Protein chains: 2
Amino acid sequence: MTGSASRRQLMENELLDRAAALFAERGFEGTTLKDIAEAVGITRPSLYHYIKSKDELLGMLVSGLTETAAAELAEMEASELSWSERLTRAVRSVTLRICAHPSRFRLLDRSEHILSESFRRRHQAGKRAILAHLSAIIDGGIKSGEFWPTDGRVAAFSILGSCNWVAWWFRPDAPGAAPEAVADQLALMALRSVARTDRASVPVGPRAALAAIRADLEYVERHLPAEGS
Amino acid sequence: MTGSASRRQLMENELLDRAAALFAERGFEGTTLKDIAEAVGITRPSLYHYIKSKDELLGMLVSGLTETAAAELAEMEASELSWSERLTRAVRSVTLRICAHPSRFRLLDRSEHILSESFRRRHQAGKRAILAHLSAIIDGGIKSGEFWPTDGRVAAFSILGSCNWVAWWFRPDAPGAAPEAVADQLALMALRSVARTDRASVPVGPRAALAAIRADLEYVERHLPAEGS
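This one's a predicted model, so the numbers in the text were calculated from it and none came from an experiment.

## Brief notes about the overall build of chain A
For chain A, the count of helices and strands is 11 helices and zero strands. For 229 residues, the compact-globule estimate of 2.2 N^0.38 gives 17 Å, and the C-alpha radius of gyration of chain A, at 23 Å, exceeds that figure by more than 25%. Oriented by its inertia axes, the alpha-carbon framework of chain A measures out at about 80 × 45 × 40 Å. In chain A, buried positions account for 47% of the 229 residues.

## A closer look at the interface of chain A and chain B
Taken together, the contact pairs 40 residues of chain A with 42 residues of chain B. Buried area between chain A and chain B, summed over both chains or domains, comes out near 3900 Å², and the portion from carbon and sulfur atoms is 65%. Applying the counting criterion to the chain A and chain B interface returns zero salt bridges. Among the elements of the structure, α6 (102-111), α8 (152-164), α9 (166-169), α10 (179-194) and α11 (206-222) of chain A are those that each provide at least two residues to the side of chain A that touches chain B. The greatest single-element share of the side of chain A that touches chain B, amounting to nine residues, is contributed by α11(A). Residues that form the side of chain A that touches chain B fall into these classes: 22 nonpolar, 10 polar and eight charged.

## Quick notes on the nonpolar core
Formed by 129 residues in total, the largest nonpolar core has its most connected members in A:I36, A:L87, A:F147, A:I159, B:I36, B:L87 and B:I159. Membership of the second largest hydrophobic core comes to eight residues, among which are A:A209, A:I213, B:A209 and B:I213.

## A short note on the pattern of salt bridges
All names here are of chain A. Under the definition given, this model contains 24 salt bridges over all chains. Residue E67 is joined to R122 by a salt bridge in which the shortest nitrogen-to-oxygen separation is 2.8 Å. Residue E67 is located in helix α4 (residues 54-77), and its partner R122 is located in helix α7 (residues 117-144); the two are separated by 55 residues in the primary sequence. Here E67 falls in the partly exposed class, since its relative accessible area comes to 26%. The exposure class assigned to R122 is partly exposed, which follows from its relative accessible area of 35%.

## A word on helix α10 (residues 179-194) of chain B
In this model α10(B) runs 23 Å from its N-terminal to its C-terminal C-alpha over 16 residues, within 8% of the 22 Å that 1.5 Å per residue would give. Restricting attention to buried positions, one finds in α10(B) the residues B:V182, B:A183, B:Q185, B:L186, B:A187, B:M189, B:A190, B:L191, B:R192, B:S193 and B:V194. Against α8 and α10 of chain A together with α5 (83-100), α8 (152-164), α9 (166-169) and α11 (206-222) of chain B lie the buried residues of α10(B).

## Side note on the state of the cysteines
Residues and elements named next belong to chain A. Tallied over the full model, the rule gives zero disulfides over all chains. Free of any disulfide, C163 has its nearest cysteine sulfur in C99, 9.4 Å distant. What makes C163 buried here is its relative accessible area of 2%.

## A look at the packing of aromatic side chains
Think of a pair of aromatic rings as described by two things: how far the centres are apart, and how the planes are tilted against each other in angle. Applying the stated criterion across every chain yields a total of 13 aromatic pairs over all chains. Note on A:F157 and B:W169: the rings are 4.3 Å apart at their centroids and 0° apart in plane angle, and the pair reads as stacked. With A:F157 in helix α8 and B:W169 in helix α9, this residue pair bridges two chains. Judged by its relative accessible area of 10%, A:F157 falls in the buried class. For B:W169, a relative accessible area of 9% corresponds to the buried category. In textbook terms, an aromatic cluster arises when at least three aromatic residues are bridged by ring pairs, as seen for A:F105, A:W165, A:W168, B:F105, B:W165 and B:W168. Above the face of the A:W83 ring, A:R86 is positioned so that its terminal group lies 3.7 Å from the ring centre.

## Considerations on the packing of α5(B) against α10(B)
Residue and element names in this part refer to chain B. Put simply, α5 and α10 touch, their axes get as near as 8 Å, and they point 140° apart. The crossing of α5 and α10 is right-handed. Contacts from S84, L87, T88, V91, R92, T95, L96 and C99 in α5 reach P179, E180, V182, A183, D184, L186, A187, A190, L191 and V194 in α10. Classifying every residue of the contact of α5 with α10 gives 12 nonpolar, three polar and three charged.

## Some words on the environment of A:G27
As for its placement among the helices and strands, A:G27 is situated in the loop between α1 (3-26) and α2 (33-40). Along the primary structure A:G27 and A:R110 are separated by 83 residues, whereas in three dimensions their C-alpha atoms are 9.8 Å apart.

## What to know about the side chain of A:D109
Along the chain, A:D109 turns up in helix α6. Here the side chain of A:D109 touches B:W168 through a polar contact of 2.8 Å, side chain to side chain. In contact with A:D109, not counting residues within four places along its chain, are A:W168, B:D109, B:R110 and B:W168.

## Quick look at the packing of α5(B) against α8(B)
Residue and element names in this part refer to chain B. The geometry of α5 relative to α8 is characterised by a closest axis approach of 9 Å and an angle of 35° between their N-to-C directions. Here α5 and α8 pass one another in a crossing that is right-handed. On the side of α5, the interface is formed by L87, V91, V94, T95 and I98, while α8 contributes I159, C163 and N164. A class-by-class count of the residues in the contact of α5 with α8 yields six nonpolar, two polar and no charged.

## A word on the domain arrangement of chain A
Residue and element names in this part refer to chain A. Per the domain assignment, the segments of chain A are domain 1 (1-52) and domain 2 (54-223). Here the C-alpha centre of domain 2 lies 31 Å away from the C-alpha centre of domain 1. Contacts between the two partners involve 16 residues from domain 1 and, on the opposite side, 12 residues from domain 2. Summed over both sides, the interface between domain 1 and domain 2 buries roughly 1400 Å², with carbon and sulfur atoms accounting for 70% of that surface. In terms of surface lost to domain 2, no three residues of domain 1 exceed L16, F28 and I51, which account for 43% of the buried area on that side. Among the ionic pairs, R104 bridges to D17, the shortest N-O distance being 3.1 Å. Inspection of the region where domain 1 meets domain 2 yields six residue pairs in polar contact (both at pLDDT 80 or more). Those elements that provide at least two residues to the side of domain 1 that touches domain 2 are α1 and α2.

Definitions and cut-offs
- Residues numbered from 1 in each chain as written.
- Chains lettered and ligands numbered in written order.
- Predicted model: local features only at pLDDT ≥ 70, side-chain atom pairs only at ≥ 80, totals over all residues.
- Heavy atoms only, no water.
- Helix = DSSP H or I, 4+ residues; strand = E, 2+ residues; numbered from the N terminus.
- Rg over C-alpha atoms; globule rule 2.2 N^0.38 Å.
- Buried < 20%, exposed > 50% of the residue type's maximum accessible area, 1.4 Å probe, protein only.
- Contact = heavy atoms within 4.5 Å.
- Buried area = accessible area lost by both parts, 1.4 Å probe.
- Salt bridge = Lys/Arg side-chain N within 4 Å of Asp/Glu carboxyl O.
- Nonpolar A, V, L, I, M, F, W, Y, C, P; charged D, E, K, R; others polar.
- Core = buried A, V, L, I, M, F, W, Y, C linked by side-chain atoms within 4.5 Å.
- Expected span 1.5 Å × (residues − 1).
- Disulfide = S-S within 2.5 Å.
- Phe/Tyr/Trp six-rings, centres within 6.5 Å; stacked < 30°, edge-to-face > 60°.
- Lys NZ or Arg CZ within 6 Å of the ring centre and 35° of its normal.
- Axes fitted to C-alpha atoms, helices over the stretch in contact; angles between N-to-C directions.
- Left-handed = near helix turned anticlockwise from the far one by under 90°.
- Polar contact = N/O pair within 3.5 Å; in protein donor to acceptor, adjacent residues only side chain to side chain.
- Domains from an automatic or database assignment.

As structure tokens, then:
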């Protein structure tokens, strides 16, 4: 990246953060480009060097959050790693992105109805892609036997909810804020929520599977109500 | 409940659903009490029999969602059940409430900044209580050895996120919508995300055992020689 390109990126990043904060505080309608220029400390003509309108700012939020995440998950789904590893990396990556910009993410969620038609379509396509890739990773894990059989779409929503909710509680500026630790814990919990730890790394075969069925049937039997009760 | 008390409750329920839908569609500012009366099919003077202001409607949303959930979780935390069972019931109950009123829940999240000071304080106290009770259940499970050692607060946020996100994707009116199945799956995933399945003394539940049997049978089936070979 050249010096000027990187300077431009830094400024765009600053613009998005300040704009998201102002939108959250005063609402989208209640915020002007002048407010945003003042918050960043540049003149309004200089602002036009970076963005033309508030709509364009929202569009940059869409591409920076939803579409980047969708592209990353597509790559992970298509990788050659184990399904457990693909899921772990997907959750870590989604969580770290939200930890870095929680207010941008919340703003995007709340502003969906004011996005222009084309941006809304891009945002919704991005969200559908994120769900589809995560569901595919879970279904892949189920087929391979790494994960429990379950409804892959509901499981994907459950895991996405755990990641997305970070935007509602994580404070990147709080003392001791540790995005890496949060991402690690959420990834581990997501993996445990679907993975069959009973056979991880255990060499399985039909005989072992039959033994496991027998044990599970005995377990269910113990939990049945007594006859006639 | 007397007939008239139950009629009143039915009408309040209808009012809250219609008002939440209108607020979501037109915004809180863009909705008048007249709009709400028309949507419910009563006159404005009759409306005043039930509510005095839009603020009061938001207040009813707060008490109906946040405070009721907090009270229920307090009861579960204090119960004598195993920590696994307390967690399972807590997740089921939170999920079922959101499945029943997803738009109310989203509206409340989006309207926090327009709640009057006293309602906002009640809402925030309710949210803090929900988090505290769920964290306490997780910490209890960790201390007892039922759950893996982990950061109980982050784990509680992860599980709450998985439940709360239901408001963003579940459509109670969609064909085949099955709140009970969603609540069961989210509760099972939440339990697995924290429970130590390595300890034989920890029951994972007959449902989990049946899921495992099903997966094992499929595994055995895949490894059977083809018929006639």
